[in-house]
2 protein chains.
Amino acid sequence: MSRFRTLTLASLLTLGATSRSHADEGMWTYDNFPAATVRQRYGADITKPWLDRVRLATIRLANCTASFVSKDGLVLTNHHCAESCLAENSTPEKSLIEDGFIARTREQELRCGAQVADVLVEMQDVTAQVNAATRGLGDQAANDARKRRLTELESACEKAAPTAKPGAARLSCESVTLYEGGQYFLYKYRRYTDVRLVLAPEAAIAAFGGDPDNFQFPRWCLDMTLLRAYENGKPVRVAEPLRINFSGPAAGELVFVSGHPGSTDRQLTVSQLALLRDTLPPTLLRSAELRGRYLQFAKAGEKERRIAQEPLNGLENGLKVRRKMLDALHDDDLLALKRREEAELRARVAATPGLGDLGDPWASVARAAQAERAIDQPVTFLENGSGFNSRLFRYARVLVRAADARAKPDADRLREFTDTSLPRLEQQLAAPSPVYPELERLTMSFGFERMREWLGPDHPTVRKLLATESPDSLAARLVDGSRLGDPAVRLALWKGGAAAIAASEDPMIRLARDVDPEARAVRKVFEDNIQAPVRIATEKIARARFAIFGTGVYPDATFTLRLNFGAVQGWNENGTMVEPFTRLERAFERATGKDPFRIPASWEAAKPRLDMQTPFNFSTNNDIVGGNSGSAMINARGEVVGLAFDGNIHSISGAYWFDAAQNRTIGVHPAIIREALSKVYDAQDLLKELQAP
Amino acid sequence: MSRFRTLTLASLLTLGATSRSHADEGMWTYDNFPAATVRQRYGADITKPWLDRVRLATIRLANCTASFVSKDGLVLTNHHCAESCLAENSTPEKSLIEDGFIARTREQELRCGAQVADVLVEMQDVTAQVNAATRGLGDQAANDARKRRLTELESACEKAAPTAKPGAARLSCESVTLYEGGQYFLYKYRRYTDVRLVLAPEAAIAAFGGDPDNFQFPRWCLDMTLLRAYENGKPVRVAEPLRINFSGPAAGELVFVSGHPGSTDRQLTVSQLALLRDTLPPTLLRSAELRGRYLQFAKAGEKERRIAQEPLNGLENGLKVRRKMLDALHDDDLLALKRREEAELRARVAATPGLGDLGDPWASVARAAQAERAIDQPVTFLENGSGFNSRLFRYARVLVRAADARAKPDADRLREFTDTSLPRLEQQLAAPSPVYPELERLTMSFGFERMREWLGPDHPTVRKLLATESPDSLAARLVDGSRLGDPAVRLALWKGGAAAIAASEDPMIRLARDVDPEARAVRKVFEDNIQAPVRIATEKIARARFAIFGTGVYPDATFTLRLNFGAVQGWNENGTMVEPFTRLERAFERATGKDPFRIPASWEAAKPRLDMQTPFNFSTNNDIVGGNSGSAMINARGEVVGLAFDGNIHSISGAYWFDAAQNRTIGVHPAIIREALSKVYDAQDLLKELQAP
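For clarity, every value in this text was computed on a predicted model and none was experimentally measured.

A few points about the overall build of chain A
Step number 1: When its secondary structure is counted, chain A shows 23 helices and 20 strands.
Step number 2: For 693 residues, the compact-globule formula gives about 26 Å, and the C-alpha radius of gyration of chain A, at 25 Å, lands near that figure.
Step number 3: With the C-alpha coordinates aligned to their principal axes, the bounding extent of chain A is approximately 65 × 65 × 55 Å.
Step number 4: The contacts in chain A between residues at least 6 apart in sequence include a share of 80% that link residues at least 24 apart.

Here's what the structure looks like:
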């Protein structure tokens, strides 16, 4: 499911749903979990020790969630969450995504160079400090002051921690904006940077049904991977890992999902939703065309098929998510509900003593949304980099901007280049992620071509780049001339700083330098004219919500740790009940022998030994979203009874509201994990480690 | 510009714009042209003889407009209107689209096998006959009875005409539905089926700026082609061709466009507009992905680039049109206006004596729109054929359905297979249009893959086709096994009728046979549950409009002959005035040397002789839409002063309303045509023929 953003919450059932949650919805922060509601509804007692134990066993990966499931640092997550690590360890001749991987000894475990494993050890409310920094300032000054204060808080937090030795976990401090500015927190993570691959099934079974089945249920995907976190070259010792209960959950059983939902937009104003509706189509069109280019490229041969696989998977997932988001924004019922809720809130604000000084923040947001329409495409192509779409360019921009940033005081930099951000950037630059020139040329030429289409052939940047070249010839010259595909070259430029960047004749570095003024200029317009007034306005709206509705509210998802509760259940699809469990048997019946409906050879060979009635996937009404992928699904006793990997198709509208009737989470059943490790992959040692963590 | 549908009319300025036209808008039928308005506004006298002369010199091509411009049957139209003829006469090694073409003698003129040239000789109002056939019937029975009556009227009309000898023009009778059912007409055309290619410039200058510049202005496109109509093997003798005035028009001068606007949706109800908004994205996404596949395919080599060019051009045009249509449907002002107009009309209906028996046709339309959402995708993939996207399949379906139809009485057939339709179908089957297996495999595999995505892998048709095959392997088997690429094979099956079809083992014929029951079933649901009630309802709404607003109204575009008037003018684009004329000089300045901004070698060679101040393209406020491409732009004296080939980007919203402030037509200036024929292509004989027609 989404690497970007997906689901969310705001009940269809009642007015005021933006303020109080109904059904089993809500992506709750651990400091504000509604234990009383759970006790009342399910009779389960969720205590502080339970919450602490689950939190400390939950891991944030680079773009997913995972859990410690053994005392020796074994980590359970989804196959699709480890896909970039599998790609990193693949060659055009041998794809670990396709073939799967099993380390038979610790020594065989493979490093995931770009991966991290973060454990949230403390949450500190810094709202007062941030508000003190912005009090009395105008929009733009407040926006700048807020960023500086957040940088200072993060930096002070890390400096207060003991210096970590190389190879050891270190403290990472990140500010978090909750309730669109209603609260600011400092989240403190223990960060492991040595993460290794232990076991991954073949993609054919991990993602059985491929893109056609993505976001569908019934489903048959063994979307699991085992990783292991290391520290000082040794497996991390975990005091209290989660234990897997291989029997799985019963129908109707209470299930918690602990993880990091990526992004939701349930608190947006009506004008912001209209802006999203109008700006989604260009993104969708670019994604759809790029999909066509990848697919056609992949037909050229086996090598091409293999190297296009990982970017294509991510792209197709994002395409489906955004397509259904647009459908949701075309849903007249949803918009009508949002309008009613906004009108109700505004009426209550007007009637509530003490909120008289709010002004009209909704009008400010609407003005900013209108202004954003005019610069949406320049921001997309120039600052967000869609016009220079390639891995090499992204490396180049990081190198150019980081060199520039490090010459400035920490608090004056672009926020993604503060001192606390640099170690992670360096790790990513050093990771041996594969760079395939054929793919780079494809995506980069595509970026130039679409930039020319959307900004127009007479736009100054377009003119400068394409005055005498075609998108293809320019992309070829840049990609073929760049040495940034080599991690050593990247690290040398990183360490060389501003002088090395200024002296570099690498064409990709030169491009990143050349277009930087225009990119920063459009970013500044965005930050000053849109981000700044919107944040002031949404802080006010959040203050109004707290004043009126109190704290029985959960914030929009921000790829930070949340806990939600729900139960194992299916749903009613056009009058037909969808059962919550699938079984192995049907996967074999549904196979066509051709990708993406192909059962891999290992499973065909093991077929006589397999129990065809083994539960495979199951659905629950937990409220999750992309970023929750890889989350443990946990019963009231704190045992893992499932592994969340997707939502059903209705879950995508969760970006804007929670449809209690149809929004469902989909998980891998632990019984199929045991069946696979035991009978298909002969991974008895791992099974033993999991059974007695 | 659009081969599908584009612009239209309904002023932004005033309420009631659906009923009375303001500004220079309106796609008027020749029998209801507002000559008094033109006289009042421009002082020009448009008489019956003027109208008759222009009408009889205006030609409807297969998907465009053209005009007779010499007594020897010379026909002026756009380059992009002749693109399929150029493709038909090309090979993978030599592309006439790319290289251009000049016949130095009549003998060198090349046949356009699939082309026709229709001249509208009579318009007969048959509203009373059609209404008599449906009076008192329920929705579905009326729908069937109406189709039968239209078939009978067409058939009787053609039978009443003298039998044409082979090679001679024949009478073609087509029914036309105007005002969404407010009027029914029988249009009688003189149809020439022998159309030949005389001159076409290189695509590089005909479509200078390519897709990036499409629908843009300022512009520099020599989007012209000369054809010649033949009869009995000799050039058609034209009594009164249009004369080109090579000086072109002055700024502000009155200009008429006579042509065949394809389709507009200005009279749709609000619920129908919402349906369009919701169903456009899937079409857009398919088009965008196919564009990516074509573009990547075209990178494989020169041959691939050449054979993908024509389908790609059409696809990209349609993509831009639909993208801007979606933008228009996201325009809150437009929707608000439509809601107000609908409410106003409903209020006046309620207040108008004699309209009491109308019921609530808007509610009927809304119910049907809701029902259409549920079958939009099955109709698209199964009946409209997007699931089997290939030229070979389209041939196969025509052969299968025509054989079936011919075994039935004329009035009982699907309307596209009535006796009056058969000669045109036979001509298309016989035309040697190129079939490139590589492209067929690409589009067909794409169709299967997307059908599986949108209908789902468990849909019965999908299951049947892909139970043991991949989209690629199935497409390859069908395309490689089919002999329908050979016109002789197609004609043999056509002549062989039902017996030949039943006996055929051609895999494409078998596919068309196999999927026909499911395709017809979903078509029947569409016709009975959506088309039938909608037509009854829109007939009622049309009746109400006539009763309230009278006849000062023009109907939505239907690819039938219309005349509109306007003036040469630019517009205000974000505070900057766009001048209405461009000049040759700037094209050379803007060239990059690389497609699509490459000046062809012939022009580079002629450059020293060219007058750089020659007017190139110009803009007017005429109200046109795709299908009007190739239309002559005519001054009050009846002289050709331009050749319409596009609208500006704002013109695309003309599908739903006419934005008088910004909607502009773009034409080729006759001076650049003379400059090209005289100094670049050395076509002195043609120039002489044009100057003294």
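Some thoughts on the interface of chain A and chain B
Step number 1: Between chain A and chain B, the contact holds 48 residues from the first and 47 residues from the second.
Step number 2: Summing both partners gives a buried area of about 3900 Å² for chain A against chain B, and 51% of it is carried by carbon and sulfur.
Step number 3: The largest per-residue losses of area from chain A upon contact with chain B belong to L285(A), Q296(A) and H330(A), which jointly make up 14% of the total buried on that side.
Step number 4: A salt bridge links K299(B) to D472(A); the shortest N-O distance between them is 3.0 Å.

Concerning the relation of the copies chain A and chain B
Each of the two chain copies can be generated from the other by rotation about an axis followed by a shift along it.
Step number 1: Overlaying chain A on chain B yields an RMSD of 0.0 Å, the required transformation being a rotation through 180 degrees with an accompanying axial translation of 0.0 Å. What the superposition gives is, in effect, a two-fold axis relating one chain to the other.

Quick word on the pattern of salt bridges
Residues and elements named next belong to chain A.
Step number 1: Tallied over the full model, the rule gives 134 salt bridges over all chains.
Step number 2: Between K188 and E122 there is a salt bridge, with its nearest N and O atoms 3.5 Å apart. Placement of K188 in strand β8 (residues 183-192) and of E122 in strand β6 (residues 117-125) is noted, with a sequence separation of 66 residues between them.
Step number 3: Exposure remark for K188: the relative accessible area of 13% places this residue in the buried category.
Step number 4: The network of salt bridges with common partners includes K147, E383, R401, D404, K408, E416, D516, R520, R523 and E527.

Here we look at unusual backbone geometry
Residues and elements named next belong to chain A.
Step number 1: In this structure, P218 follows F217 across a cis peptide bond, with omega equal to 10 degrees.
Step number 2: Mapped onto the elements, P218 comes out in the loop between α8 (210-213) and β10 (225-231).
Step number 3: Of the consecutive residues D595 and P596, the connecting peptide bond is found in the cis state with omega at 0 degrees.
Step number 4: Residues other than glycine seldom take positive phi values, yet N232 does so here, at roughly 55 degrees.
Step number 5: Relative to the elements of secondary structure, N232 occurs in the loop between β10 and β11 (234-235).
Step number 6: For N232, a relative accessible area of 49% puts it in the partly exposed group.

Some thoughts on the pairing of strand β9 (residues 194-200) of chain A
Residue and element names in this part refer to chain A.
Step number 1: Among the 7 residues in β9, 7 count as buried, and that is most of the element.
Step number 2: Relative to β9, strand β4 (residues 101-102) is paired through 2 bridges, and the arrangement is antiparallel. Across the sheet, the residue bridging to F101 is A200, located in β9.
Step number 3: Here strand β5 (residues 110-111) runs beside β9; their pairing, made up of 2 bridges, is antiparallel. Considered in β9, the bridge of L110 is made with L197.
Step number 4: Across 5 bridges, β9 lies against β10 in antiparallel orientation. Each residue of the ladder has a partner; that of R196, found in β10, is R228.

Some words on the confidence of the model for chain A
Residues and elements named next belong to chain A.
Step number 1: Averaged over chain A, the pLDDT score is 94; the fraction of residues at 70 or greater is 97%.
Step number 2: Counted against residues more than four places away or in other chains, residues 1-21, with its pLDDT under 50, gives 116 contacts.
Step number 3: As a predicted assembly, this complex carries a pTM of 0.95 together with an ipTM value of 0.94.

Points about helix α12 (residues 361-383) of chain A
All names here are of chain A.
Step number 1: Between the first and last C-alpha of α12 there are merely 27 Å, a value that for 23 residues lags more than 12% behind the 33 Å anticipated at 1.5 Å per step.
Step number 2: The largest bend in α12 is about 55 degrees, located at I375, with the proline P378 one to four residues further on.
Step number 3: Following α12 by one or two positions, G385 adopts a phi angle in the positive range, close to 85 degrees.

A word on the nonpolar core
Step number 1: Core analysis: the biggest nonpolar cluster contains 81 residues, and F33(B), L199(B), L222(B), L226(B), F256(B), W603(B) and Y681(B) have the highest contact counts within it.
Step number 2: Membership of the second largest hydrophobic core comes to 80 residues, among which are L242(A), I599(A), Y681(A) and A683(A).

Digging into the packing of helix α9 (residues 270-298) of chain A against helix α15 (residues 437-455) of chain A
All names here are of chain A.
Step number 1: Axis separation between α9 and α15 bottoms out at 11 Å; the angle between their running directions is 145 degrees. Once α9 is placed against α15, the crossing between them reads as right-handed. Residues P282, R286, E289, L290, R293, Y294 and F297 of α9 touch α15, and the partners they reach there are E438, L439, L442, T443, F446, E449, R450 and W454.
Step number 2: For the contact of α9 with α15, the per-class residue count stands at 8 nonpolar, 1 polar and 6 charged.

Calculation notes
Residue numbers restart at each chain and count upward from 1, following the sequence in its written direction. Following the order in which they are written, the chains are lettered starting with A and the ligands numbered starting with 1. The predicted nature of this model means local features are confined to residues of pLDDT at least 70 and side-chain atom pairs, given and counted, to a pLDDT of 80 or more, with totals for whole chains, interfaces and linings taken over all residues. The side-chain figures draw on all heavy atoms in the structure; neither hydrogens nor water molecules are used. In this text, helices come from DSSP runs of H or I with a minimum length of four residues, and strands from runs of E with a minimum of two, each type numbered from the N-terminal end. Here the globule rule reads 2.2 Å times residues to the power 0.38, and the radius of gyration is calculated from C-alpha atoms. We call two residues contacting when some pair of their heavy atoms lies within 4.5 Å. By convention, the term buried area covers the 1.4 Å-probe accessible surface removed from two parts as they join, with the contributions of both added. By definition, a salt bridge exists where a carboxyl oxygen of Asp or Glu is found within 4 Å of a side-chain nitrogen of Lys or Arg. Least-squares fitting of one copy onto the other uses the C-alpha atoms of those residues that reach a pLDDT of at least 70 in both copies. Three labels apply to residues, based on accessible area from a 1.4 Å probe with only protein chains included: buried if under 20% of the type maximum, exposed if over 50%, partly exposed otherwise in between. Should DSSP find at least two bridges between two strands, the strands are taken to pair. Here pLDDT means the predictor's own confidence in every residue, given as a number from 0 to 100. How far a helix is expected to stretch is found by multiplying one less than its residue total by 1.5 Å. For a residue, the bend is simply the angle between two axes, fitted respectively to the seven-residue segment ending there and the seven-residue segment starting there. Definition of nonpolar core: a set of buried residues of the types Ala, Val, Leu, Ile, Met, Phe, Trp, Tyr and Cys, connected through side-chain atoms within 4.5 Å. Note on definitions: angles span 0 to 180 degrees between N-to-C directions of axes, and those axes are lines fitted to C-alpha atoms, for helices only across the stretch in contact. With the far helix as reference, a near helix turned anticlockwise by less than a right angle produces a left-handed crossing, and one turned clockwise produces a right-handed crossing. Residues are grouped as follows: Ala, Val, Leu, Ile, Met, Phe, Trp, Tyr, Cys and Pro are nonpolar; Asp, Glu, Lys and Arg are charged; all remaining types, including Gly, are polar.

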